[in-house]
Every structure is written in structure tokens, then in C-alpha cells.
Amino acid sequence: MLPYGRQSIEQSDVDAVVAALSSDWLTTGPRVAEFEADLERVAGAPCVTVTNGTTALHAAYAAAGVGPGDEVVTTPMTFVATASGAAMLGATVVFADVDEDTANLDPAAAEAALTARTRAIAAVDYAGVPADYDRLRKLADMTGAVLVADAAHAIGSVYRGRPVGSIADLTTFSFFPTKNLTTAEGGAVASIRPELLDRVRTFRTVGMVKKPELLRRPDEGRWFYEVHEFGLNYRLPDVLCALGSAQLRRLAAFKARRQQLTARYDELLAGVPGLRLPVTPDDVDPMRHLYPVRILDGRRREVFERMQAAGIGVQVNYIPVYWHPVFSELGYRRGMCPVAESFYAEEISLPLFVDLSDADQDRVIETLRGILGS
Ligand SMILES: *Cc1c(COP(=O)(O)O)cnc(C)c1O
């Protein structure tokens with residue numbers, strides 16, 4: 001089965017991991033700081049690594065002070081972790097609808113969802129296309145909310161000349177194997193606000209505080225540390241950070257290949273009846289994580305099943321988050337974000353990954369054209 005996404009691992013990646021394994025540090029060693037510095041060069045802001053994209057969101061919301069009584073406005077067209085990270089901290093998630101073309105959080109819908117209790121606005125760079133950050137920034141500043149970007153799809157993407165990571169107050173990344181680069185499991189939080197990033201760092205290190213100037217009892221001894229707020233162990237080990245740094249050295253090549261594959265889909269699927277292709281706004285330079293097409297005329301399920309039967313591992317991204325029983329049992333109702341729901345009803349993600357060959361991509365295109373009868 002041709003997957004819809006997968007990692008690209010070369011000898012340079014293997015060598016980096018082997019070197020880390022034979023070093024003194026399997027975790028909490030020098031490769032963590034190295035990878036974080038490498039990430040900063042791409043993200044345009046300092047970064048803290050964590051164990052995955054889900055924990056990156058949990059840590060980001062915790063750093064933003066999200067808690068009981070707060071509301072977090074976000075999109076339903078995402079992986080559940082964008083919402084569950086806030087819900088697990090006791091906040092109420094408020095879903096706002098998406099833009100019809102990009103499936104990104106619609107700033108007008110987000111604005112309508114704001115209240116005095118809005119603590120954070122969380123956007124998602126769906127498929128790698130950056131959200132409408134300038135408009136979301138205005139909303140955040142207007143209400144005093146923290147602007148969070150779930151950029152699990154979008155490391156390497158650029159919005160109006162600015163790298164994703166340098167725009168929102170807190171930006172989260174995922175390094176799962178299907179994403180733009182991988183550490184097997186892994187993630188990071190970038191922040192343009194040092195005090196928020198310090199809170200992320202403390203949270204991912206079980207809440208341990210060691211800086212003498214922050215201790216309540218600074219003279220206890222060199223071994224001393226204190227915990228002021230609860231945290232978790234979300235540390236990414238050196239072995240995986242080594243893989244991350246090796247992958248980052250290949251990021252420009254990854255982006256170029258993803259752009260090439262996207263251009264081939266755009267060209268070779270243009271004009272196919274019953275099919276709507278993704279659009280890219282003029283002011284962004286995305287590193288495309290997904291190629292989400294829309295299957296018209298109510299044929300999505302049929303097309304999905306026939307593609308899978310032909311050995312092509314298509315995917316659906318995403319089930320509207322509030323459809324999950326954990327949210328519907330809290331009273332969220334189907335129909336609350338109709339644009340997201342109609343997007344979901346038609347969406348299929350075609351295979352898109354760095355090592356996808358032109359020949360395999362041609363087979364995807366021919367199979368889809370055959371099913372749609374053109
Ligand atoms: C993958 C993903 C996550 C979670 O990342 P993991 O590393 O799998 O935990 C969060 N949000 C979005 C939009 C994702 O695609």
C-alpha cells in the first residue's frame with residue numbers, strides 16, 4: 001500500500017543517531033540545545049523541544065495560563081490535540097468555522113466567538129498553508145488573548161515573508177514521521193515571548209526551577225531546586241534531537257520536493273470533473289504537508305474506498321473535532337461549523353511525501369482520474 005505520508009531517512013540521519021547513541025548523553029545532553037538552536041534558524045524564534053506535537057500544545061496552553069473558566073477559540077478542522085490540550089487544562093473550547101478555500105480558522109468567525117473569557121486563539125496551518133495571522137493578531141491584541149499557532153503541518157512555511165514560528169505568541173510543531181520532518185516522535189514550541197518560553201521549558205521539565213534568582217530559598221545549596229507549578233516530563237531525548245538536526249539539514253530539499261509534487265498534482269489534475277483542487281493564497285510560501293482535494297457530487301466515500309482498494313493509502317483530514325464523543329457528550333452539536341463540515345464531507349488527502357516517486361504519483365493521478373471518469 002502506498003502511504004499518504006512517510007518519513008525520508010538517509011545515511012546522514014542514521015549516522016547522527018548512532019553517534020548520539022554512543023555518546024555520554026542519551027537525553028538532557030548537548031544535542032537538545034543544538035537541535036533547539038537549529039530549529040530557531042528555521043522558525044525565526046527560540047524553541048523548546050518536547051516529546052511530540054500533542055504535548056507541545058499541552059505545554060503551550062499551560063504556558064499561556066489556560067485553565068478553568070477560560071475559553072480557547074479554535075478551528076474544528078484539525079487533529080483533536082489542538083482542542084484537547086486546552087480542554088485537559090479545564091478550559092472551554094469554542095469552535096469557530098473555517099475559511100472555505102484554505103480550511104484555516106476564519107478570522108471573522110473567530111472574532112464572533114470572542115468573549116471576555118477568551119484566553120487564547122489557536123489557529124492551525126492546515127496542510128502547511130499559514131493561517132491569516134495578521135487578522136488573528138489584531139483579534140488577540142484587541143482582547144488580550146494569547147495567539148497560539150498549531151503548526152504541526154507547517155515547519156518551513158512562510159507567511160508574508162515571515163517564517164511560521166515567528167508570528168504567533170506560541171507556535172507548536174510536530175515531528176511525527178508523516179510530518180515535514182521527523183524525530184520519530186517529537187515536537188517543539190517556539191515563542192517570540194521569552195517569559196512564555198521559560199514557562200514551557202519549566203513545564204516540560206516537571207516544573208523544576210533551578211535558577212538562583214527564581215528560588216524562594218536561594219542559599220540552600222548547589223543541589224537545590226524548587227517546584228512552583230506542576231509540570232510533566234516532556235523532554236525530547238538527545239538520540240531523537242540528533243535525528244532532528246540531521247533532518248533539518250535536509251529541510252530545503254524536503255520543501256523543494258514537496259513543491260514539485262504539489263505542482264505536478266496541480267497540473268495533472270487540473271480540470272478533472274467532480275474534483276476541486278487546493279488553492280494557495282498569494283501571500284504565503286507554504287511547505288505543503290498535505291495535498292487535500294475535494295471530491296464533489298457526494299462521491300467521497302466511494303472514491304476513498306476505490307483508491308484504497310487500488311493500493312493507494314489516501315486519508316481524510318479531518319473529522320470535525322467536536323464530532324468526537326468526548327466533545328459531543330459535553331453538548332457540542334453537529335452543524336455548528338457548517339463550512340468545516342462540508343469541507344470534511346468532501347475531503348481526501350492524496351499521497352504527498354519526499355520520497356514519493358513521479359511514477360507512483362502518476363499512478364495516484366491515473367487511478368483518481370479513472371474513478372472520476374475522465
Ligand atoms: C500531528 C498533529 C498534531 C499532534 O502531533 P503528534 O506529534 O502526533 O502528537 C497536532 N495538531 C495537528 C494539526 C497535527 O497534524
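Residues numbered from 1 in each chain as written. Predicted model: local features only at pLDDT ≥ 70, side-chain atom pairs only at ≥ 80, totals over all residues. Heavy atoms only, no water.

(A) Spatial organisation of empty space enclosed by the protein. Counted according to the given criterion, the structure contains two cavities of 30 Å³ or more. Along the wall of the largest cavity there are 15 residues; nearest its centre are Asp-101, Thr-102, Pro-278, Val-279 and Pro-292. Its residues placed into classes, the lining of the largest cavity shows nine nonpolar, one polar and five charged. No fewer than three residues from each of domain 1 (11-248) and domain 2 (251-372) sit in the lining of the largest cavity. The volume enclosed by the second largest cavity comes to roughly 70 Å³. If you trace the second largest cavity, you find it lined by Arg-6, Gln-7, Ser-8, Pro-177, Lys-179, Asn-180, Leu-181, Thr-182, Gln-247, Phe-254, Arg-258 and Val-354. When its residues are assigned to classes, the lining of the second largest cavity shows four nonpolar, five polar and three charged. Each of domain 1 (11-248) and domain 2 (251-372) accounts for three or more of the residues forming the lining of the second largest cavity. (1 Å grid on protein atoms, 1.4 Å probe; cavity = no way out; pocket = protein on both sides within 12 Å on 5 of 7 lines; lining within 4 Å. Points joined across faces, edges and corners; volume = space filled by probe spheres on them. Nonpolar A, V, L, I, M, F, W, Y, C, P; charged D, E, K, R; others polar. Domains from an automatic or database assignment.)

(B) Examining the layout of surface pockets more closely. Here the largest pocket defines a volume of roughly 720 Å³. In terms of lining residues, the largest pocket is bounded by 21 residues, among which Asp-198, Arg-201, Thr-202, Met-208 and Val-209 are the most central. The element best represented in the lining of the largest pocket is helix 7 (residues 194-203), accounting for six residues. Its residues assigned to classes, the lining of the largest pocket shows seven nonpolar, five polar and nine charged. The computed volume of the second largest pocket comes to approximately 530 Å³. Along its surface, the second largest pocket is lined by 28 residues, and Phe-79, Val-80, Phe-176, Lys-179 and Tyr-318 are the ones closest to its centre. Each residue belonging to the lining of the second largest pocket can be placed in one class, and the counts come to twelve nonpolar, 13 polar and three charged. (Helix = DSSP H or I, 4+ residues; strand = E, 2+ residues; numbered from the N terminus.)

(C) Structural detail: the UniProt feature "modified residue: N6-(pyridoxal phosphate)lysine" (unreviewed entry) in the protein chain. What UniProt calls "modified residue: N6-(pyridoxal phosphate)lysine" (unreviewed entry) maps, in this numbering, to Lys-179. For Lys-179, the position within the fold is in the loop between strand 8 (170-174) and strand 9 (187-191). Classification of Lys-179 by relative accessible area gives buried; the value is 16%. Setting aside residues no more than four positions away along its own chain, Lys-179 makes contact with Ala-152, His-153, Ser-174, Arg-258 and His-289. (UniProt positions renumbered as here; feature names shortened; annotations may be inferred. Buried < 20%, exposed > 50% of the residue type's maximum accessible area, 1.4 Å probe, protein only. Contact = heavy atoms within 4.5 Å.)

(D) Spotlight on the side chain of Ser-174. Residue position: Ser-174 is located in strand 8. With a relative accessible area of 6%, Ser-174 lands in the buried category. Separated by 3.3 Å, the side chain of Ser-174 and the backbone nitrogen of Phe-176 make a polar contact. Separated by 3.4 Å, the side chains of Ser-174 and Lys-179 make a polar contact. Not counting residues within four places of it along the chain, the set of residues in contact with Ser-174 comprises Gly-53, Ala-152, Lys-179, Leu-181, Gly-186 and Gly-187. (Polar contact = N/O pair within 3.5 Å; in protein donor to acceptor, adjacent residues only side chain to side chain.)

(E) Representation of the packing of aromatic side chains in the model. Per the stated rule, a full pass over the model turns up eleven aromatic pairs. With centroids separated by 5.5 Å and ring planes inclined at 55°, the aromatic side chains of Phe-95 and Tyr-322 adopt a geometry described as tilted. In this pair, Phe-95 sits in strand 3 (residues 92-95) while Tyr-322 sits in the loop between helix 10 (300-309) and helix 11 (325-328), placing the two residues 227 residues apart along the sequence. Plain terms: the ring middles of Tyr-126 and Phe-343 are 5.5 Å apart, the flat faces sit at 85° to each other, and that makes the pair edge-to-face. Of this pair, Tyr-126 sits in the loop between strand 4 (118-124) and helix 6 (133-143) while Phe-343 sits in helix 12 (residues 338-346); the two residues are 217 residues apart in sequence, bridging distant segments of the chain. Note on Tyr-126: relative accessible area 2%, which makes it buried. Among the residues examined, Phe-343 registers a relative accessible area of 5% and is labelled buried. Ring-pair connections join several aromatic residues into one group, and the members of that group are Phe-95, Tyr-322, Phe-327 and Tyr-332. Residue placement shows Arg-300 over the ring face of Tyr-344; its charged tip is 4.7 Å from the ring centre. (Phe/Tyr/Trp six-rings, centres within 6.5 Å; stacked < 30°, edge-to-face > 60°. Lys NZ or Arg CZ within 6 Å of the ring centre and 35° of its normal.)

(F) Focus on the sheet that holds strand 14 (residues 291-295). Spatial ordering of the open sheet is given by 12-14-15, a layout of three strands whose pairing is antiparallel. Of all the strands in the sheet, just strand 12 (275-276) and strand 15 (347-350) have a single pairing partner and so form its edges. Relative to strand 15, strand 14 is paired through four bridges, and the arrangement is antiparallel. The residue of strand 15 that forms the bridge with Tyr-291 is Leu-350. (Pairing = 2+ DSSP bridges.)

(G) Summary view of a nonpolar patch on the surface. Judged by side-chain polarity, Ile-9, Val-14 and Val-18 come together as a nonpolar surface patch covering roughly 220 Å² of accessible area. Structurally, Val-14 is set in helix 1 (residues 11-21). (Patch = residues over 30% accessible without salt bridge, like charges linked within 9 Å, V, L, I, M, F, W, Y side chains within 5 Å. Areas by Shrake-Rupley, 256 points an atom, 1.4 Å probe, with all protein chains shown as cover. Salt bridge = Lys/Arg side-chain N within 4 Å of Asp/Glu carboxyl O.)

(H) Structural detail: the sheet that holds strand 8. Pairing within the open sheet is mixed, and its seven strands lie in the order 1-9-8-5-4-2-3. Each edge of the open sheet is held by one strand with a lone partner, namely strand 1 (47-50) and strand 3. Going from strand to strand, the sheet's axes swing by 20° on average, the running direction of each strand aside. Bridging between strand 4 and strand 5 (residues 146-150) involves five bridges; their strand directions are parallel. Looking at strand 5, one finds that Val-124 is bridged to Asp-150. (Axes fitted to C-alpha atoms, helices over the stretch in contact; angles between N-to-C directions.)

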